[in-house]
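# Close look at the chain arrangement
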Amino acid sequence: MTELLDIFRALADPTRLRILALLREMELAIGELAVVLDQSQPRVSRHVRILVDAGVVERRREGSWVFLRLAQDGPVGETIARADKWPFSPREALVIAHDARRLVAVRTERAAAAERYFAEHAAEWDAIRSRHVAESEVEAAILAIMHNRRLGHLLDIGTGTGRMAEIFAPTARRITALDRSPEMLRIARAKLAGQPVPIDLVQGDFLNLPVADASVDSIVIHQALHFAHEPDRVIAEAGRVLRGGGHLLIVDFAPHEDEEMRTLAAHARLGFSDAQIRGWFASAGMGLETSQTLEGGELAVKLWLGRRRSDEDQSPVAQGSDGQRKRLAA
């Protein structure tokens with residue numbers, strides 16, 4: 001455990017206090033910090049290393065980028081969370097306010113980078129969207145199927161542009177948005193700035209989720225399962241991290257024969273059947289609670305909602321009740 005004295009030593013520097021204030025606003029890369037602070041990257045790196053060694057700041061790698069954020073958990077995180085009540089002097093407050101204004105340039109550049117990426121890939125995405133029902137209808141169906149269900153800590157697997165995290169932000173307690181692509185995570189970071197719920201953007205693979213067992217309350221996999229050569233393993237991995245009673249929502253295509261999707265958008269699978277999803281859910285300790293089909297265009301969009309069995313579901317009382325219900329239904 002970090003000594004309290006080490007924490008205060010780490011903070012006893014004007015530049016490091018400025019870094020702390022900036023990271024309270026958003027996660028930043030070393031280069032972005034250097035721009036706002038108007039200092040060289042090596043100098044900023046030295047200050048960051050001191051903060052990391054003291055446990056005040058955490059590093060998180062995304063491809064070739066390393067993002068920094070304030071410690072989230074434990075005594076250090078609790079101490080830093082009260083930084084808005086620290087007695088900054090008028091001069092210190094002016095410097096921090098000046099840095100906050102310069103931070104606007106970082107936000108603007110992130111948004112511009114996202115727009116450039118969209119422009120470069122617009123033709124591909126438009127070609128895919130034109131083959132199925134409007135996205136607005138898909139999103140309406142997603143919100144309807146998850147209505148009144150406890151989202152809690154939501155894991156968005158294959159977040160892409162962050163759209164699912166964005167529409168669920170008003171009702172989730174916390175969101176972890178995961179994607180394999182650093183480029184997509186940078187787009188999501190620009191889109192999700194300022195949301196009313198804590199959102200962690202994490203680079204990772206859906207076959208090996210960097211998430212602890214039974215640690216999330218709900219999961220959404222929106223138009224990402226078709227990239228998996230082994231979708232059963234993706235669902236099994238999702239089942240591993242889902243708490244008992246939690247829900248997994250998969251949004252993808254019904255079986256189709258549009259081979260162009262393999263070359264146009266690198267789809268490994270051309271849709272999924274209800275029987276496939278039901279079987280994979282069962283193997284992962286989940287039951288298929290409901291499904292929905294959205295017709296329109298060449299490709300039908302499917303929604304499958306699974307529920308992880310809880311300890312209560314496994315109890316003799318619950319099993320007896322299920323058996324009684326089945327006998328009455330017969």
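About the cut-offs
- Residues numbered from 1 in each chain as written.
- Predicted model: local features only at pLDDT ≥ 70, side-chain atom pairs only at ≥ 80, totals over all residues.
- Heavy atoms only, no water.
- Helix = DSSP H or I, 4+ residues; strand = E, 2+ residues; numbered from the N terminus.
- Buried < 20%, exposed > 50% of the residue type's maximum accessible area, 1.4 Å probe, protein only.
- Contact = heavy atoms within 4.5 Å.
- Areas by Shrake-Rupley, 256 points an atom, 1.4 Å probe, with all protein chains shown as cover.
- Pairing = 2+ DSSP bridges.
- Phe/Tyr/Trp six-rings, centres within 6.5 Å; stacked < 30°, edge-to-face > 60°.
- Lys NZ or Arg CZ within 6 Å of the ring centre and 35° of its normal.
- Axes fitted to C-alpha atoms, helices over the stretch in contact; angles between N-to-C directions.
- Patch = residues over 30% accessible without salt bridge, like charges linked within 9 Å, V, L, I, M, F, W, Y side chains within 5 Å.
- Salt bridge = Lys/Arg side-chain N within 4 Å of Asp/Glu carboxyl O.
- Lys, Arg positive; Asp, Glu negative; His and termini not counted.
- Charge placed at Lys NZ, Arg CZ, Asp CG, Glu CD.

Where an unreviewed UniProt entry is consulted, the chain appears under the name ArsR family transcriptional regulator, with the organism given as Sphingopyxis macrogoltabida.

What follows concerns the overall build of the chain. Secondary structure assignment for the chain yields 14 helices and 10 strands. Looking at the chain residue by residue over its 330 residues, the buried ones come to 47%. Sequence-distant contacts in the chain: of pairs separated by 6 or more residues, those separated by 24 or more amount to 65%. Per element, the accessible surface of the chain, about 16,800 Å² overall, is 51% carbon and sulfur.

Taking burial as the measure, the 8 residues of strand E10 (residues 301-308) include 6 buried ones, the bulk of the element. With 7 bridges joining them, strand E8 (residues 242-253) and E10 adopt antiparallel strand pairing. Residue pairing for E10: Phe253 is matched across the bridge by Val301. Where strand E9 (residues 286-294) lies against E10, 8 bridges are found, and the strand directions are antiparallel. Residue pairing in the sheet places Ser291 in a bridge with Trp304 of E10. What sits between the antiparallel neighbours E9 and E10 is a turn of 6 residues, in which Gly296 has the positive phi angle 140 degrees.

Take the packing of aromatic side chains next. Taken as a whole and assessed by the stated rule, the structure comprises 1 aromatic pair. Looking at Arg189, its charged tip hangs above the ring of Phe67, at a distance of 3.8 Å from the centre.

Glancing now at the sheet that holds E9. The mixed open sheet is built from 7 strands, whose spatial order is E6-E5-E4-E7-E8-E10-E9. On the outer flanks of this sheet lie strand E6 (199-203) and E9, each paired with one strand and no other. The mean angle between the axes of side-by-side strands here comes to 15 degrees, regardless of whether they run parallel or antiparallel. Here strand E7 (residues 216-222) runs beside E8; their pairing, made up of 6 bridges, is parallel. Following the sheet pairing, Ile221 is matched in E8 by Ile250. Relative to the sheet, helix H9 (residues 182-191) contacts strand E5 (174-179) and E6, its axis offset from that of E6 by approximately 170 degrees.

What follows deals with a positive patch on the surface. Taken together, the side chains of Arg43, Arg46, Arg49 and Arg59 make up a positively charged region of the molecular surface. When residues of the positive patch are assigned to their parent elements, the largest contribution, 3 residues, is made by helix H4 (residues 41-53). For Arg46, the location among the structural elements is in helix H4.

Counting across every chain of the model gives 23 salt bridges. Glu27 is the salt-bridge partner of Arg60, the closest N and O atoms lying 2.4 Å from each other. A residue pair is termed long-range when its members are at least 10 positions apart, and Arg60 in strand E2 (residues 57-62) and Glu27 in the loop between helix H2 (14-25) and strand E1 (28-29) qualify at 33 residues. Across the pair Asp200 and Arg174 runs a salt bridge, and its minimum N-O distance is 2.7 Å. Of this pair, Asp200 sits in strand E6 while Arg174 is found in strand E5, placing the two residues 26 residues apart along the sequence. The partly exposed category is assigned to Arg174, whose relative accessible area is 29%. Among the ionic contacts, a cluster of salt bridges with common partners joins Glu58, Arg69, Arg174 and Asp200.

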